[in-house]
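# Structural features, examined
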Amino acid sequence: MLELISRKILQKIPAEMAHDLSIKMLASPASFVVSSKQIINPIKLLGINFPNPVGLAAGFDKNADATKGLSSLGFGFIEVGTVTPKPQAGNPKPRLFRLKENQAIINRMGFNNKGVKHLVSQLEKAKPNCILGINIGKNKITPNEKAVDDYIYCFKKVAHLADYVTINISSPNTVDLRQLQEDENLVHLLKSLKETQKSLHETTNKYTPIVVKIAPDQDNETTKKIAKNIKNSGIDGIICTNTTIEKNNLKKECHQDETGGLSGKPLLSRSNEIIKTVRKVVGSKFPIIGVGGILTDEDAMSKIHAGADLVQIYTGFIYQGTQLIKDINNKLIVHKKEENNT
Ligand SMILES: Cc1cc2nc3c(=O)[nH]c(=O)nc-3n(C[C@H](O)[C@H](O)[C@H](O)COP(=O)(O)O)c2cc1C
């Protein structure tokens, strides 16, 4: 009830202000007022025991300021970031827009974040009581030829705190970032990251799985190449997908023509197509986390049918709140029972 009232109020104020207020509320010691019971629907993936397969996608808590509150909402895992080596302001405001009629959001935040040092200090102060992914990126001022250095720098800083690390090369809001998905760039980046992962494993005795988050906008042949390169490089998994720059077929409403990445319902089918394509290339055992357009339990089920092992939500969480985490888990529990009975 309290959550419903807060959400109704938050939806009346400008989107980024509402977001910042939510982070403050979740970071406050009183955030237990919205806490839910841990949902038990265990699944093992990437060598990690997830309490349930429904995660919070990257971008909501970019600085790991609110992990304590977020970890009490019922998520099976939380992905913080994208974090970059140095703090950066991101794009000028306004840069976050609700498209309510389309059950969607357009954002062009541009990796606004307080830098990896801040994120690490937040997590060292209070390690959240949940499975934690840390999503890393490159600074805007770092040219693509030097991007590897940024990813390696961040990976070394966060690997000891993360259950897994996500390599974000798919945000549409950092100029030319998606070029890092291209053949040679990708192979070079992933080779360097694997070497760093291996040497950290040897020195610290902790293996931190790496997953790569990909875009939904390339054609199928390119997606196949990306998936092949990721698998061949020994990377541990793939997250499909980030937001889309494709804005056809939107219902007419205010803000539909804003520049940025589109998330929410209009992304669902494209994102599922990418999962299907990737699954065919990587085979049945390779970990895939599906994200993009989940607004209902049925949407989540469609991702599982497309080939995802786990799912993440962002826009659906904004519009539906914690009830969506429960609904998806209930649906998946029933599905698992039915599968076991056949
Ligand atoms: C406001 C906003 C900020 C985001 N920031 C990031 C980010 O920093 N890093 C990232 O990998 N994805 C980011 N995303 C993408 C989401 O993690 C997710 O991939 C995308 O929104 C699709 O899921 P959804 O339809 O459930 O929202 C962001 C999305 C939104 C709406």
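Model, not experiment: these values are computed from the prediction.

On to the site of the ligand, then. In the vicinity of the ligand lie 26 residues, with Ala 57, Gly 59, Ser 263, Tyr 314 and Thr 315 positioned nearest. Going through the elements one at a time, strand 6 (104-107), strand 11 (261-264) and helix 10 (315-320) are the ones with two or more residues in the shell around the ligand. Its residues placed into classes, the shell around the ligand shows 10 nonpolar, 14 polar and 2 charged.

This part takes up the packing of helix 9 (residues 297-306) against helix 11 (residues 323-341). Following both chains from N to C, one finds helix 9 and helix 11 inclined at 50°, their axes separated by 8 Å at the closest point. Comparing their axes, helix 11 and helix 9 come out oblique. As for how helix 9 packs across helix 11, the hand of that crossing is right-handed. Between helix 9 and helix 11, the residues in contact are Asp 297, Ala 300, Met 301 and Ile 304 and Asp 327, Ile 328, Asn 330, Lys 331, Leu 332 and His 335, respectively. Across the contact of helix 9 with helix 11, the residue classes break down as 5 nonpolar, 2 polar and 3 charged.

For the rest of this paragraph, the subject is unusual backbone geometry. Of note, the bond from Gly 81 into Thr 82 is cis; its omega dihedral lies within 30 degrees of zero at 10°. Take Thr 82: it is sitting in strand 4 (residues 77-83). Looking along the chain, the bond that leaves Cys 240 and enters Thr 241 is cis, with omega of 10°. Relative to the assigned elements, Thr 241 resides in the loop between strand 10 (237-240) and strand 11. One non-glycine residue, Phe 111, lies in positive phi territory at about 55°. Here Phe 111 lies in the loop between strand 6 and helix 4 (116-125).

Conventions adopted
The residue numbers shown here count from 1 along each chain, following its written sequence. At least 70 in pLDDT is required for a residue's local features to be given in this predicted model, at least 80 for side-chain atom pairs to be given and counted, and no such filter applies to totals for whole chains, interfaces and linings, which use all residues. The rule is simple: place the C-beta atom from the backbone, and if it lies within 6 Å of a molecule or strand, the residue is near it. Strands here are runs of E lasting at least two residues and helices are runs of H or I lasting at least four, both read from the DSSP assignment and numbered beginning at the N terminus. Residue classes follow a fixed rule: Ala, Val, Leu, Ile, Met, Phe, Trp, Tyr, Cys and Pro count as nonpolar, while Asp, Glu, Lys and Arg count as charged, and any other residue, Gly among them, counts as polar. To get an axis, fit a line to the C-alpha atoms, keeping to the stretch in contact for a helix; angles then go from 0 to 180 degrees between the N-to-C directions. With respect to orientation, any angle under 35 degrees is reported as roughly parallel, any angle over 145 as roughly antiparallel, any angle of 65 to 115 as roughly perpendicular, and every other angle as oblique. Crossings are sorted by hand: turned counterclockwise from the far helix by less than a right angle, the near helix makes the crossing left-handed, and turned clockwise it makes it right-handed. Two residues qualify as being in contact provided that their C-beta atoms, derived from the backbone, are within 7 Å of each other.

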